[in-house]
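Reading the structure
Listed here are the chains, written in short residue letters.
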Amino acid sequence: MESRIFDRLQFLTEEVLSRRRRAKRIKKEKQSRKNMFLDWIEAFLWAAGVVLLINQYLFQAYQIPSGSMIDTLLIGDRIFVNKLIYGPELLPGLAKLPSPITPKRNDIIIFESPSYISRGIAFDIAQRVIYMLTLSFVDIDKDELGQSRAHFLIKRAVGVGGDWIIPDQGDLYLRPAGESRWYGEAEFNSLLGLDHNLARLMREEDYPSLRAAGTAAGYADLGLPVTPALADRAFFSGHYPDALAYNMARLELLRGASPHDGRYTTLYARYAMGWYVPETRILPLGDNRDNSRDGRHFGPVLSSKVLGRGSIIYWPGNFNFRDFGAFSRFGFIR
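So, here's what we can say about the structure. (Residues numbered from 1 in each chain as written. Predicted model: local features only at pLDDT ≥ 70, side-chain atom pairs only at ≥ 80, totals over all residues. Heavy atoms only, no water.)

Counted under the stated rule, the structure contains 5 aromatic pairs. Ring geometry for phenylalanine 80 against tyrosine 314: centres 4.3 Å apart, planes inclined by 25°, an arrangement best described as stacked. Of this pair, phenylalanine 80 sits in strand S2 (residues 78-82) while tyrosine 314 sits in strand S11 (residues 306-315), and the two are 234 residues apart along the sequence. Judged by its relative accessible area of 26%, phenylalanine 80 falls in the partly exposed class. Ring centres of tyrosine 183 and phenylalanine 188 lie 5.7 Å apart, and the angle between their planes is 55°; on these two criteria the pair is classed as tilted. (Phe/Tyr/Trp six-rings, centres within 6.5 Å; stacked < 30°, edge-to-face > 60°. Helix = DSSP H or I, 4+ residues; strand = E, 2+ residues; numbered from the N terminus. Buried < 20%, exposed > 50% of the residue type's maximum accessible area, 1.4 Å probe, protein only.)

Quick look at the structure:
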């Protein structure tokens, strides 16, 4: 009896081992017959899937398109954005996963431009997938001039919930929640130990000419001739780095000339009174204040709309192997 049981167990064991050896042999023969091109395609798809998962949920490659963050970030810098920290999107352009961490003051944040006009969900997803797969080297979202459209913006979180912020000749003054006094931005940053440079294109001595140019533009809007004295003072360069100061001077004239037109009063008040940042929102501004279209134009953005935080410069836009100083720009973003 025991001998028959032992023989039966031995037979079953040999049968299982034989089947395993046969399955391995068949699998090996199939792999040997497999087309090399199909092998390459399979490897590529696996690699692409891994890249997409990393870009979508962990770190996404992003290229700096403009000079709005000079000198923190330069045009052409390639950076990694931490997408996990604030909660990644489930799919490109769709709902986000929750996160206990929200953007805080001084973070370098990336978010969808409020003025961006979508070409449709299918195009947006295709564009973002291609952009992620190529580590930001290919962007199919171009304008009529062949330039990349500003789908996403990267700025510094300057205002947080409860802040009141007003501009004055390109400088900012902040009154945080619970405070009764105003702080100049440089003073406020120093008190908080926030160390970053602000770039300015306008000089203080140029503001009288800039305001005169804004006033002259107001005369032109009213169909009135510009006086020779005003024309002499005006800074007619065709480019006005501090667009807020220029528009305030223009609107001040239009408001006085047409007090019945509430549009001018409303627009002027928007600049003169500054911005209040509600809870759950962030006021994003560029470090290059006179060359940045940011929250001063479109207002505070919802913290839940922030897609990630700029973390690492992995390839500086100005990198040159012969310039040893360029190596210092690799690393963490402050």
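Next comes the rest of the write-up.
What follows concerns helix H8 (residues 262-272). Along H8, the residues that are buried comprise Tyr264, Tyr268 and Tyr271. Taken around the axis of H8, the buried residues stretch over an arc of 55°, which confines them to a single face. Opposite the packed face of H8, turned more than 90 degrees from it, sit the exposed residues Arg263 and Thr266. Elements that come into contact with the buried residues of H8 comprise strand S5 (164-168) and helix H7 (243-257). At the C-terminal side of H8, glycine 274 shows a positive phi close to 80°. (Arc of directions from axis to C-beta. Contact = heavy atoms within 4.5 Å.)

For the rest of this paragraph, the subject is the sheet that holds strand S8 (residues 275-276). The 4 strands are arranged S7-S6-S5-S8 in an open sheet whose pairing can be described as antiparallel. Every interior strand has two partners, whereas the edge strands, strand S7 (183-184) and S8, have only one. Both strand S6 (residues 171-175) and S7 contribute to a ladder of 2 bridges, which runs antiparallel. Among the inter-strand pairings, tyrosine 173 is bridged to a residue of S7, identified as glycine 184. (Pairing = 2+ DSSP bridges.)

We now examine unusual backbone geometry. Cis geometry marks the peptide bond from isoleucine 70 to aspartate 71, where omega comes out at 10°. Residue position: aspartate 71 is located in the loop between strand S1 (59-63) and S2. Unlike most non-glycine residues, asparagine 106 shows phi in positive territory, near 85°. For asparagine 106, the position within the fold is in the loop between S2 and strand S3 (108-112). Accessibility expressed as a relative area gives 18% for asparagine 106, which makes it buried. Not every positive phi belongs to a glycine, and glutamine 169 is a case in point at roughly 50°. One can find glutamine 169 in the loop between S5 and S6.

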